[in-house]
Amino acid sequence: VTGSNVYAIRDVVSSTHGKHTLYYGGEANRENDAQQTTLNNYGVFAFTAHTNIANRSSAAITDFFFGSPNTMNQDVPVYANANYFNYGLFFQDDWRALPNLTLNLGVRYDIQTAPTNTQNMTMNFVPGVQSTTAPTNIKGVLLPGDPGVPRSGVSTRWNHVSPRVGMAWT
């Protein structure tokens, strides 16, 4: 089960000056994602043919009948409530260079903040490092609050700039 709410504001302004049509715009939104997952909560079993200790081969169907799986995995139900923000600004110039050629030049700057979970259900794995937030965790499992682990598990990228280039020719 997944639910999502998006709260957004967007605006674009354009103006024409001779052979140039300029567009300025921006947007800001917050997204709330609620997810309830029960993927393999009953378990997934695999039965494969193998050779046992007595050096006898067994068929996968035999292992199935005797209830002897080769592997089994199971998920636990998870409820996640992640929130993040998106911001964007752009500028574009549609320049009519010739009567039959228009060039589109622009730039866009975007920020998508790293999703944060309202219950801090985020973890990172760094081999060999002990958590200071939960010292009884196995080595490598780090939680928000441990050195170098932000609340969202990852840091937000602040340098996402995209150039825009296009042309129309008839």
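Before going into details, it helps to say that this report is about the structure given with it. Model, not experiment: these values are computed from the prediction. (Residues numbered from 1 in each chain as written. Predicted model: local features only at pLDDT ≥ 70, side-chain atom pairs only at ≥ 80, totals over all residues. Heavy atoms only, no water.)

### Observations regarding the overall build of the protein chain
From N to C terminus, the protein chain includes one helix and twelve strands. Element order for the protein chain, N to C, with α for helix and β for strand: β-β-β-β-β-α-β-β-β-β-β-β-β. Against the globule reference of 15 Å for 170 residues, the protein chain gives a C-alpha radius of gyration of 27 Å, more extended than a compact globule. Projected onto the principal axes, the alpha-carbon positions of the protein chain cover approximately 90 × 45 × 30 Å. (Helix = DSSP H or I, 4+ residues; strand = E, 2+ residues; numbered from the N terminus. Rg over C-alpha atoms; globule rule 2.2 N^0.38 Å.)

### A word on the packing of aromatic side chains
The full count for this structure, using the stated rule, is four aromatic pairs. Between Phe64 and Phe65, the aromatic rings sit 5.9 Å apart at their centres with planes inclined by 55 degrees, giving tilted as the arrangement. Note on Phe64: relative accessible area 48%, which makes it partly exposed. Between Phe85 and Tyr87, the aromatic rings sit 6.2 Å apart at their centres with planes inclined by 5 degrees, giving stacked as the arrangement. Taken together, the ring pairs in this structure connect Phe47, Phe64 and Phe65 into an aromatic cluster. (Phe/Tyr/Trp six-rings, centres within 6.5 Å; stacked < 30°, edge-to-face > 60°. Buried < 20%, exposed > 50% of the residue type's maximum accessible area, 1.4 Å probe, protein only.)

### Thoughts on the pairing of strand S12 (residues 160-169)
For S12, the tally of buried residues reaches only one of ten residues, placing the bulk of the element at the surface. When strand S8 (residues 101-112) meets S12, the two strands line up antiparallel, connected through ten bridges. Paired with Leu105 across the bridge in S12 is Val165. (Pairing = 2+ DSSP bridges.)

### Side note on a nonpolar patch on the surface
Together, Val13, Tyr24, Leu89, Phe91, Val107, Tyr109, Trp158 and Val161 make up a nonpolar patch on the protein surface, roughly 760 Å² of accessible area in all. Residue assignment for the nonpolar patch shows that the elements contributing at least two residues are strand S7 (78-98) and S8. Here Phe91 is to be found in strand S7. (Patch = residues over 30% accessible without salt bridge, like charges linked within 9 Å, V, L, I, M, F, W, Y side chains within 5 Å. Areas by Shrake-Rupley, 256 points an atom, 1.4 Å probe, with all protein chains shown as cover. Salt bridge = Lys/Arg side-chain N within 4 Å of Asp/Glu carboxyl O.)

### Here's the deal with the side chain of Arg108
Relative to the helices and strands, Arg108 is located in strand S8. For Arg108, the side chain forms a polar contact with the side chain of Glu27, separated by 2.5 Å. Here Asp110 takes part through its side chain, which lies 2.9 Å from a polar atom of the side chain of Arg108. (Polar contact = N/O pair within 3.5 Å; in protein donor to acceptor, adjacent residues only side chain to side chain.)

### A short note on the pattern of salt bridges
All told, the structure shown has three salt bridges when counted by the stated rule. In this structure, the salt-bridge partner of Arg10 is Glu27, at a minimum N-O distance of 2.8 Å. Of the two residues, Arg10 sits in strand S1 (residues 2-17) while Glu27 sits in strand S2 (residues 20-37), which places them 17 residues apart along the sequence. For Glu27, a relative accessible area of 23% puts it in the partly exposed group. Glu27 is the partner of Arg108 in a salt bridge, and the nearest nitrogen-oxygen pair spans 2.5 Å. Of this pair, Arg108 sits in strand S8 while Glu27 sits in strand S2, placing them 81 residues apart in sequence. A network of salt bridges, in which partner residues are shared, links Arg10, Glu27, Arg108 and Asp110.

### Description of the environment of Tyr79
Structurally, the position occupied by Tyr79 is in strand S7. Judged by relative accessible area, which is 39%, Tyr79 ranks as partly exposed. The sequence separation of Tyr79 and Met121 amounts to 42 residues, and the corresponding C-alpha distance is 9.1 Å. For Tyr79, the contacting residues outside a window of four places in its chain are Ala34, Gln35, Gln36, Gln119 and Met121. (Contact = heavy atoms within 4.5 Å.)

### Let's talk about the environment of Asn124
Turning to its location among the elements, Asn124 is positioned in strand S10 (residues 124-125). Given the relative accessible area of 21%, Asn124 is considered partly exposed. Residues Asn124 and Tyr84, 40 residues apart in the sequence, show an inter-C-alpha distance of 19 Å. Excluding residues that lie within four positions of it along the chain, Asn124 makes contacts with Gly140, Val141, Leu142, Val149 and Gly153.

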